[in-house]
Amino acid sequence: MGSAASAAAPPPPPPAQPQMAAPSYGLGLAGILPSKPEGDDKKEVEKVDYLNLPCPVPFEEIQREALMSLKPELFEGLRFDFTKGLNQKFSLSHSVFMGSLEVPSQSSETIKVPTAHYEFGANFLDPKLILVGRVMTDGRLNARVKCDLTDDLTLKINAQLTHEPHYSQGMFNFDYKGTDYRAQFQIGNNAFYGANYMQSVTPNLSMGTEIFWLGHQRKSGIGFASRYNTDKMVGTLQVASTGIVALSYVQKVSEKVSLASDFMYNHMSKDVTSSFGYDYMLRQCRLRGKIDSNGVVAAYLEERLNMGVNFLLSAELDHSKKNYKFGFGMTIGE
Amino acid sequence: MGAVVSHASAAAPPPPPPGYAPTFADAASSAPPPLTPPGTGKDAAAVAEEEEEEGEKVDYMNLPCPVPYEDLQREAMMALRIDTFEGFRFDFIKGITPFFSLCHSVSMVSMELPSQGADVIKVPTSNYEFGANYLHPKMVLMGRVSHDGRLSARTKWDPSENLCVKINAQLTSEPHYSQGMLHCDYKGKDFRTQLQLGNGAYYGGNYIQSVTKNLSLGTEFFWIGQHRKSGVGFAARYDTKKMVATGQIATTGVVSLSYVQKVSEKVSLASDFMYNPMAKDVTASFGYDYMLRQCRLRGKIDTNGVVSALLEEHMAPGVNFNLSAEVDHWKKDYKFGFGMSIGE
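Bear in mind that the values here come from a model prediction, so they are computed numbers and not experimental data.

A. Spotlight on the overall build of chain A. Looking only at helices and strands, one finds 2 helices and 19 strands in chain A. When each of the 334 residues of chain A is scored for burial, the buried share is 38%. Within chain A, residue pairs in contact and separated by at least 24 positions form 34% of the contacts whose partners lie at least 6 positions apart. Surface summary for chain A: the accessible area is close to 18,500 Å², and the carbon and sulfur share equals 62%.

Okay, structure coming up:
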């Protein structure tokens with residue numbers, strides 16, 4: 001991201017931003033730290049071209065690297081996913097989950113009840129249009145649409161429908177990408193309105209702000225965020241008037257290893273959590289581990305047994321609540 | 001299973017420490033098996049069969065020694081009593097000398113709580129167990145202690161070639177829950193006999209005799225002083241190189257039949273039927289056992305709607321990775337677990 005800074009060399013073509021936006025749905029590892037090693041040897045020219053700053057990361061993705069390393073999808077029980085591509089662009093997926101889910105209990109003990117569900121999904125992936133749908137055996141439907149109306153304007157729709165009344169949600173997002181800024185406008189059900197704006201200030205630093213209003217509960221809030229990233233590290237800060245302060249720091253130690261840490265303070269619920277994790281991206285496997293200030297130790301291993309066949313192992317130990325969750329699973333298909 | 005069938009239906013002791021039984025079963029299936037004196041049982045029967053196949057005349061004076069009474073259903077047990085677990089298990093066995101080894105066993109599982117409704121409720125628990133084994137051809141000592149105060153001890157001593165003394169004890173910190181049992185085994189030329197003494201004034205004995213080179217018949221009796229119960233049972237076992245069939249019946253009302261077919265060196269299929277008229281419980285199960293070079297896969301399906309499987313993969317010499325799954329469609333209960341076992 002810093003390579004576009006130099007005025008001495010002709011500016012390289014702008015990085016391909018639409019591919020950076022696609023991983024917000026979690027597809028592939030390509031979104032990690034777009035590092036441009038040639039930025040390191042431009043140190044002799046220290047002048048920053050303020051009219052030619054790179055486009056910043058979207059507001060909801062400023063903590064992207066930290067979330068990918070620190071929040072793997074831990075589960076308990078058995079998971080089996082099968083993705084079948086019918087076409088270049090269209091694929092179907094079947095997903096079975098059998099395991100224990102926690103039920104809230106009045107005593108301090110955790111109580112788990114075995115559950116099972118099956119989820120059927122269909123994905124249509126086109127550079128300009130992405131449609132993703134999932135339906136579960138308990139009657140829930142998830143739908144996501146991402147449509148590039150023009151080169152700079154993107155429309156995203158998210159919907160979660162259930163058969164229980166008043167539990168369905170939907171959200172419309174309009175994203176506009178400028179040369180060195182991004183703006184987003186959100187409309188959701190329950191009269192939710194939000195907007196955010198992110199601006200590149202220097203080649204490494206970008207700052208942004210957001211505002212939201214919930215009509216039904218008459219709540220509103222405003223927040224600020226900033227992100228500083230170089231080839232080797234990413235540091236972010238987020239403050240909101242709902243009383244949440246979140247900081248994160250990710251250090252890319254090498255191509256294969258990155259370390260991340262995260263701090264969150266919630267003034268309303270007086271909740272403070274700090275976590276530290278690592279992410280090893282090796283050829284045959286990806287191992288993520290994390291330890292928390294709540295006494296939670298978690299690890300997630302994805303091993304590539306074969307082309308398109310992945311074996312998953314997930315473990316989460318909560319020493320303070322004496323709650324242990326272990327799971328294994330298999331993912332077939334890309 | 002002989003003695004256990006009659007005893008289990010008469011009293012209900014607390015379940016044995018979880019890490020204990022599988023270690024013992026593993027020890028029984030790998031060399032050297034501590035409870036079965038070497039050179040008897042199926043191996044001797046197979047050799048005797050080959051020698052006499054040309055002859056076609058059964059030498060009733062030279063019958064092989066039968067399998068011990070409690071090991072009657074041994075092949076069926078190994079294939080069908082799959083030790084599935086839920087959660088995580090880690091076992092580490094460290095050999096200090098050729099005879100002595102220590103083992104550490106950690107397990108974090110969700111245990112089911114008895115609940116009044118039809119729902120299954122599970123609570124996460126954790127358990128650490130430390131054990132020590134001394135395995136000598138003439139004397140075997142095994143001890144396990146777990147962090148909640150339970151101690152298991154097993155001893156097997158051969159005072160002479162034909163006589164064998166075994167002691168089993170499970171001590172707990174709760175009063176009146178400890179158990180102990182003493183077995184004296186005598187191995188004759190083509191018969192075996194055993195006497196058992198246990199706490200709670202338990203007395204038992206069994207006798208098994210080879211009738212032909214494939215068939216052996218046995219009988220057992222027991223008396224529990226504490227509950228004033230007694231019982232008699234009969235058992236029969238017919239085995240050839242390719243199959244083993246057993247039947248057992250006892251006055252406690254339990255009828256148990258099993259059949260194991262050894263399809264090839266690596267594959268065997270087993271099925272089992274148990275009928276308990278006291279508890280009105282009938283169960284039949286069918287299972288397979290694939291013993292491959294790199295792994296051992298056992299699967300089983302039951303008439304109670306339970307499907308279970310256990311995979312033990314040998315990733316490196318001494319390092320095993322286990323995956324266990326049990327799905328009870330009837331009660332909608334699912335148990336999945338994985339674990340690692342290091343050391344032989």
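B. Inspection of the overall build of chain B at higher detail. In terms of helices and strands, chain B carries 4 helices and 19 strands. Each of the 344 residues in chain B was classed as buried or not, and the buried ones make up 42%. Excluding contacts between residues fewer than 6 apart, the proportion of contacts in chain B whose partners are at least 24 apart in sequence is 37%. Total accessible area on chain B stands at roughly 17,900 Å², and carbon and sulfur atoms take up 64% of it.

C. Inspection of the interface of chain A and chain B at higher detail. Contacts between the two partners involve 24 residues from chain A, matched on the other side by 22 residues from chain B. Considering only the side of chain A, the residues that lose the most area to chain B are Pro114, Phe326 and Phe328 of chain A, jointly responsible for 33% of the buried surface there. At the boundary of chain A with chain B, the tally comes to 0 salt bridges. Linking chain A to chain B there are 1 residue pair in polar contact (both at pLDDT 80 or more). For the side of chain A that touches chain B, the leading source of residues is strand β3 (residues 111-125) of chain A, giving 6 residues. Residue classes in the side of chain A that touches chain B are distributed as 12 nonpolar, 8 polar and 4 charged.

D. Seen up close, a nonpolar patch on the surface. Residues and elements named next belong to chain A. A surface patch of nonpolar side chains, about 540 Å² in accessible area, is lined by Phe172, Phe174, Phe185, Ile187, Tyr193 and Trp213. If you list the elements that add at least two residues to the nonpolar patch, you get β7 (169-177) and β8 (181-188). Its location among the elements puts Tyr193 in strand β9 (residues 192-200). In this structure Tyr193 comes out as partly exposed when scored by relative accessible area, which is 39%.

E. The side chain of Asn276 of chain B, seen in detail. Residues and elements named next belong to chain B. Following the sequence through the fold, Asn276 ends up in strand β14 (residues 267-276). Judged by its relative accessible area of 14%, Asn276 falls in the buried class. Discounting residues that sit within four places of it in the chain, Asn276 has contacts with Thr252, Gly253, Val254 and Asp281.

F. Local environment of the state of the cysteines. For the coordinates displayed, the defined rule picks out 0 disulfides over all chains. Looking at the unpaired Cys147 of chain A, the closest cysteine sulfur is the one in Cys55 of chain A, lying at 19 Å.

G. The arrangement of the nonpolar core in detail. If you look at the biggest cluster of nonpolar residues, it comprises 19 residues, and the most contacted ones within it are Leu313, Phe326 and Phe328 of chain A together with Phe336 and Phe338 of chain B. Where this core is concerned, the elements lending two or more residues are β18 (309-318) and β19 (323-332) of chain A together with β18 (319-328) and β19 (333-342) of chain B. The element that contributes the greatest number of residues to this core is β18 of chain A, accounting for 4 residues. Judged by nonpolar contacts, the second largest core, of 6 residues, contains Leu80, Val244, Val260 and Ala270 of chain B.

H. Quick peek at the pattern of salt bridges. Residues and elements named next belong to chain A. The full count for this structure, using the stated rule, is 31 salt bridges over all chains. Where Arg64 meets Glu65, a salt bridge forms, and the shortest distance between an N and an O atom there is 3.7 Å. On the accessibility criterion, Glu65 (4% relative accessible area) is buried. The residue Arg288 makes a salt bridge to Glu302 at a minimum N-O spacing of 3.5 Å. Of this pair, Arg288 sits in strand β16 (residues 285-292) while Glu302 sits in strand β17 (residues 296-306), and the two are 14 residues apart along the sequence.

I. Main features of the pairing of strand β17 (residues 306-316) of chain B. Residue and element names in this part refer to chain B. Two elements, strand β16 (residues 295-302) and β17, share 7 bridges in a ladder whose sense is antiparallel. Bridge assignment links Arg296 to a residue of β17, and that residue is Glu312. Where β17 and β18 come together, 10 bridges link them in antiparallel fashion. Within β18, the position partnered with Ser308 by the bridge is Glu326. Taking the residues that link successive antiparallel strands as the turn, the β17-β18 hairpin has 2 residues, and the phi of Gly318 there is positive, at about 90 degrees.

J. Main features of the confidence of the model for chain A. Residue and element names in this part refer to chain A. Looking at chain A as a whole, its pLDDT mean stands at 84, while 86% of the residues score no less than 70. Low pLDDT, under 50, characterises residues 1-31; the stretch is placed with 43 contacts to residues that sit more than four places away or in other chains. Per-residue pLDDT stays below 50 along residues 38-42; that stretch engages in 5 contacts with residues further than four places along the chain or on separate chains.

K. Main features of the packing of aromatic side chains. Tallied over the full model, the rule gives 17 aromatic pairs over all chains. Measuring from centroid to centroid gives 6.0 Å for Phe326 of chain A and Phe338 of chain B, while their planes differ by 80 degrees, and the two rings are edge-to-face. Here Phe326 of chain A is found in strand β19, whereas its partner Phe338 of chain B is found in strand β19 on a different chain. You can call Phe338 of chain B buried: its relative accessible area is 7%. With centroids separated by 5.6 Å and ring planes inclined at 65 degrees, the aromatic side chains of Phe88 of chain B and Phe338 of chain B adopt a geometry described as edge-to-face. With Phe88 of chain B in strand β1 (residues 87-95) and Phe338 of chain B in strand β19, this residue pair connects regions lying 250 residues apart in the sequence. When sorted by exposure, Phe88 of chain B lands in the same class as Phe338 of chain B, which is buried. Put simply, the rings of Tyr176, Tyr181 and Tyr197 of chain A touch in pairs and so form one group of aromatic residues. Sitting over the face of the ring of Phe75 of chain A, Arg79 of chain A holds its NZ or CZ atom 5.1 Å from the ring centroid. The lysine or arginine in question, Arg89 of chain B, covers the ring of Phe85 of chain B, its NZ or CZ lying 4.8 Å from the ring centre.

L. Structural view of the environment of Glu102 of chain A. Residue and element names in this part refer to chain A. Relative to the assigned elements, Glu102 resides in strand β2 (residues 90-103). Beyond its immediate stretch of four places on either side in the chain, Glu102 contacts Thr110, Ile111, Lys112, Asn323 and Lys325. At 3.4 Å, the side chain of Glu102 and the side chain of Lys325 are in polar contact.

M. The pairing of β19 of chain A, seen in detail. Residues and elements named next belong to chain A. Within β19, 7 of the 10 residues are buried, which leaves the element mostly enclosed by the surrounding structure. Direction of pairing for strand β1 (residues 77-85) relative to β19: parallel, over a ladder of 6 bridges. What sits directly across from Leu78, in β19, is Phe328. Following β18, the chain reverses through 4 residues before pairing antiparallel with β19; Lys322 in that reversal takes a positive phi of roughly 55 degrees.

Conventions and cut-offs
Residues numbered from 1 in each chain as written. Chains lettered and ligands numbered in written order. Predicted model: local features only at pLDDT ≥ 70, side-chain atom pairs only at ≥ 80, totals over all residues. Heavy atoms only, no water. Helix = DSSP H or I, 4+ residues; strand = E, 2+ residues; numbered from the N terminus. Buried < 20%, exposed > 50% of the residue type's maximum accessible area, 1.4 Å probe, protein only. Contact = heavy atoms within 4.5 Å. Areas by Shrake-Rupley, 256 points an atom, 1.4 Å probe, with all protein chains shown as cover. Buried area = accessible area lost by both parts, 1.4 Å probe. Salt bridge = Lys/Arg side-chain N within 4 Å of Asp/Glu carboxyl O. Polar contact = N/O pair within 3.5 Å; in protein donor to acceptor, adjacent residues only side chain to side chain. Nonpolar A, V, L, I, M, F, W, Y, C, P; charged D, E, K, R; others polar. Patch = residues over 30% accessible without salt bridge, like charges linked within 9 Å, V, L, I, M, F, W, Y side chains within 5 Å. Disulfide = S-S within 2.5 Å. Core = buried A, V, L, I, M, F, W, Y, C linked by side-chain atoms within 4.5 Å. Pairing = 2+ DSSP bridges. pLDDT = per-residue confidence, 0-100. Phe/Tyr/Trp six-rings, centres within 6.5 Å; stacked < 30°, edge-to-face > 60°. Lys NZ or Arg CZ within 6 Å of the ring centre and 35° of its normal.

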